[in-house]
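Chain residues, written in single-letter form:
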Amino acid sequence: MVVVKTARDNSDAVVYIEKIPGRRYPPPSSPIVLDQVNLKFVPHILAVLIGTTVAFPNSDEIRHNVFSPGPPRFDLGTYAQHTTKYHLFDKPGVWTMLCNVHAEMSAYVIVSETPYFTKTDKDGKFVLKNVPPGKYSLKIWHEKAKPATVPIEVGEGPVLSIAPIDLKR
Ligand SMILES: [Cu+2]
């Protein structure tokens, strides 16, 4: 489990195996949606596999401008209601998404080089499925805490439990 003392609860930490050397994974064949509804990005936190195209529909009745300060910066421009722009996330890392019309709008896209990523629930619990045996660096990212890296060793057994991970401010 992940403990986030700096946040209201332990949810929405992204837990992922950043990379497995020599391994590449096919991205999803259709875009993953990061919607804009009632002046909010939904979901606020989105984890994707590298190579994924994310759709940014504008489901509001007003115009939004979607950009990321990067680096490198990219800008989808200002666009009308009920239209959609797309971005291919082909670099790993954490991308902040903002709207330059509405300063309160923000989202984060966490790009993993493996398909082994998930988000914690309110209790900080998470499950990563079908991870092949090996030694990895488990990355934990939360909007309101310092990112952490925890070494793990996955064996042949079905379940690996790890000690609670305490995120610092
Ligand atoms: Cu906006």
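Residues numbered from 1 in each chain as written. Predicted model: local features only at pLDDT ≥ 70, side-chain atom pairs only at ≥ 80, totals over all residues. Heavy atoms only, no water.

Requested: an account of the sheet that holds strand E2 (residues 14-17), with residues and values cited.
Pairing within the open sheet is antiparallel, and its four strands lie in the order E13-E2-E14-E15. Each edge of the open sheet carries a strand with a single partner, namely strand E13 (117-119) and strand E15 (148-154). With strand direction ignored, the average angle separating the axes of adjacent strands in the sheet is 20°. In terms of strand pairing, E2 meets strand E14 (residues 134-141) through four bridges, oriented antiparallel. If you follow Tyr16 over to E14, its bridge partner there is Lys139. (Pairing = 2+ DSSP bridges. Helix = DSSP H or I, 4+ residues; strand = E, 2+ residues; numbered from the N terminus. Axes fitted to C-alpha atoms, helices over the stretch in contact; angles between N-to-C directions.)

Explain the environment of Lys122 residue by residue, including any values.
Along the chain, Lys122 falls in the loop between E13 and E14. Exposure remark for Lys122: the relative accessible area of 59% places this residue in the exposed category. It is 26 Å that separates the C-alpha atoms of Lys122 and Lys19, two residues lying 103 residues apart in sequence. Those residues in contact with Lys122 that sit more than four places away from it in its chain are Asp9, Asn10 and Ser11. (Buried < 20%, exposed > 50% of the residue type's maximum accessible area, 1.4 Å probe, protein only. Contact = heavy atoms within 4.5 Å.)

Pulling in residues and values, what's your account of the pattern of salt bridges?
For the structure shown, the criterion picks out six salt bridges. Lys91 is paired through a salt bridge with Asp90; the nearest N and O atoms lie 3.7 Å apart. Judged by its relative accessible area of 45%, Asp90 falls in the partly exposed class. (Salt bridge = Lys/Arg side-chain N within 4 Å of Asp/Glu carboxyl O.)

Give me unusual backbone geometry: which residues, what numbers.
Residue Pro71 is bonded to the preceding Gly70 through a cis peptide linkage, with omega at 5°. For Pro71, the location among the structural elements is in the loop between strand E8 (64-68) and strand E9 (74-79). Note that the residue after Pro71, namely Pro72, is joined by a cis bond; omega there is -5°. Look at Leu39: it is not a glycine, yet its phi comes out positive at around 60°.

Quick one: what's the story with the coordination of the copper ion, residue by residue and with numbers?
At the metal site, the copper ion is ligated by His64 (ND1), Cys99 (SG), His102 (ND1) and Met105 (SD), and these contacts range over 1.9 to 2.6 Å. Between the four donor atoms coordinating the copper ion, the angles at the centre fall across 95 to 131°, so the site counts as tetrahedral. Each donor residue of the copper ion lies on the same chain, and together they follow the pattern H-x34-C-x2-H-x2-M. Considered together, Cys99 and His102 belong to a single accessibility category, that of buried residues. (Donors = N, O, S within 2.8 Å, 3.2 Å for Na, K, Ca; no water. Tetrahedral: all angles 85-135°; square planar, octahedral: opposite > 155°, others 65-115°.)

I'd love a proper account of the sheet that holds E8, names of residues and values included.
Pairing in this open sheet of five strands is mixed, and the strands run E6-E12-E11-E8-E9 from one edge to the other. Every interior strand has two partners, whereas the edge strands, strand E6 (45-49) and E9, have only one. In this sheet, neighbouring strand axes are inclined to one another by 20° on average, regardless of whether the strands run parallel or antiparallel.

For the environment of Glu156, give the residues involved together with the corresponding values.
Tracing the backbone through its elements, the reader meets Glu156 in the loop between E15 and strand E16 (165-167). Residue classification places Glu156 among the exposed residues on the basis of a relative accessible area of 71%. Along the backbone, Glu156 and Phe117 are 39 residues apart, and their C-alpha atoms lie at a distance of 19 Å.

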